[in-house]
Amino acid sequence: MAELIIREARIEDIDEIVLLEEQCFATPWSRESLMHDMHSNEMSGYIVAELDNRVVGYMGFWNIMNEAHVNNVAVSPDYRRMKIGSAIIDAFLKFTDSDHIDAETLEVRVSNAPAIGLYKKFGFAEAGVRPKYYENGEDALIMWRKREE
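Cut-off values and rules
Residues numbered from 1 in each chain as written. Predicted model: local features only at pLDDT ≥ 70, side-chain atom pairs only at ≥ 80, totals over all residues. Heavy atoms only, no water. Helix = DSSP H or I, 4+ residues; strand = E, 2+ residues; numbered from the N terminus. Rg over C-alpha atoms; globule rule 2.2 N^0.38 Å. Contact = heavy atoms within 4.5 Å. Areas by Shrake-Rupley, 256 points an atom, 1.4 Å probe, with all protein chains shown as cover. Lys, Arg positive; Asp, Glu negative; His and termini not counted. Charge placed at Lys NZ, Arg CZ, Asp CG, Glu CD. Pairing = 2+ DSSP bridges. Axes fitted to C-alpha atoms, helices over the stretch in contact; angles between N-to-C directions. Core = buried A, V, L, I, M, F, W, Y, C linked by side-chain atoms within 4.5 Å. Buried < 20%, exposed > 50% of the residue type's maximum accessible area, 1.4 Å probe, protein only. Parallel < 35°, antiparallel > 145°, perpendicular 65-115°, else oblique. Left-handed = near helix turned anticlockwise from the far one by under 90°. Nonpolar A, V, L, I, M, F, W, Y, C, P; charged D, E, K, R; others polar.

When you go through the protein residue by residue, the secondary structure sums to 4 helices and 7 strands. Mapped from its N terminus to its C terminus, the protein presents α and β elements in the order β-α-α-β-β-β-α-β-α-β-β. For 149 residues, the compact-globule formula gives about 15 Å, and the C-alpha radius of gyration of the protein, at 15 Å, lands near that figure. Seen through its C-alpha atoms, the protein measures out along the principal axes to roughly 40 × 35 × 35 Å. Considering only contacts within the protein whose residues lie at least 6 apart along the sequence, 57% involve residues at least 24 apart. On the protein, roughly 8600 Å² of surface is accessible, and the fraction owed to carbon and sulfur atoms is 50%. Computed over 16 positive and 27 negative side-chain charges, the inter-centroid distance for the protein is 6 Å.

In this section: the sheet that holds strand β1 (residues 5–8). Strand order in this open sheet of 7 strands is β1-β2-β3-β4-β5-β7-β6, and the pairing throughout is mixed. The open sheet terminates on both sides in strands that have one partner only, identified here as β1 and β6 (125–130). If you compare each strand with its neighbour and ignore which way they point, the axes differ by 25 degrees on average. Sheet analysis places strand β4 (residues 67–75) next to strand β5 (residues 103–109), joined by 3 bridges and oriented parallel. Residue pairing for β5: Ala68 is matched across the bridge by Glu104. Sheet contacts for helix α1 (residues 14–24): β2 (44–51), β3 (54–64) and β4; angle to β3, the most-contacted strand, approximately 90 degrees. Helix α2 (residues 31–40) contacts β2, β3 and β4 of the sheet and is inclined by roughly 110 degrees relative to β2.

Core analysis: the largest hydrophobic core is formed by 25 residues, its most contacted members being Phe92, Val108, Tyr119 and Met143. If you tally residues by element for this core, the top one is helix α3 (residues 84–98), at 5 residues. In this view, Phe92 contacts Ile47, Met59, Phe61, Ala68, Val70 and Glu104; residues no more than four positions away in its chain are not counted. Grouped together as the second largest cluster of nonpolar side chains are 12 residues, Ile14, Tyr46, Tyr58 and Ala74 included.

Here the focus is the packing of α1 against α2. Where α1 meets α2, the axes come as close as 10 Å, and the angle between the chain directions of the two elements is 130 degrees. Put simply, α1 runs oblique to α2. Of the two possible hands of crossing, α1 and α2 adopt the one that is right-handed. Contacts from Ile14, Asp15, Ile17, Val18 and Glu21 of α1 reach α2 at Arg31, Leu34, Met35 and Met38. Its residues assigned to classes, the contact of α1 with α2 comprises 6 nonpolar, no polar and 3 charged.

So this is what it looks like as structure tokens:
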């Protein structure tokens, strides 16, 4: 198998990121929203996982007031259970650590036990619930990872 490459996303990756959105989320971000976020939002950052010259996963986040707010993490259904999500999160946390970000936060479906377990593995802790956060009425678990003081 080819080597997994984790790198900063480029505008040329947009088609593959849009495809991942459509494969992984019931309400995907539109191409226009992703393009705007990647190209025009100075607070945003995007990381992709590339395997065999194909984007197989990605993460988008915003740096707001020295906190990294994760918007989406997606791995192609064809490439799950290969530790790609772990590699993306690890790269993201190395970036935020080196950039002196104070904390990271995200929301995850309360029913998504594999993702919750993965985030806990990287030091995220449950901090609350956003009731009926998702389009189907499902609650979101709020998770934070904060630097030790």
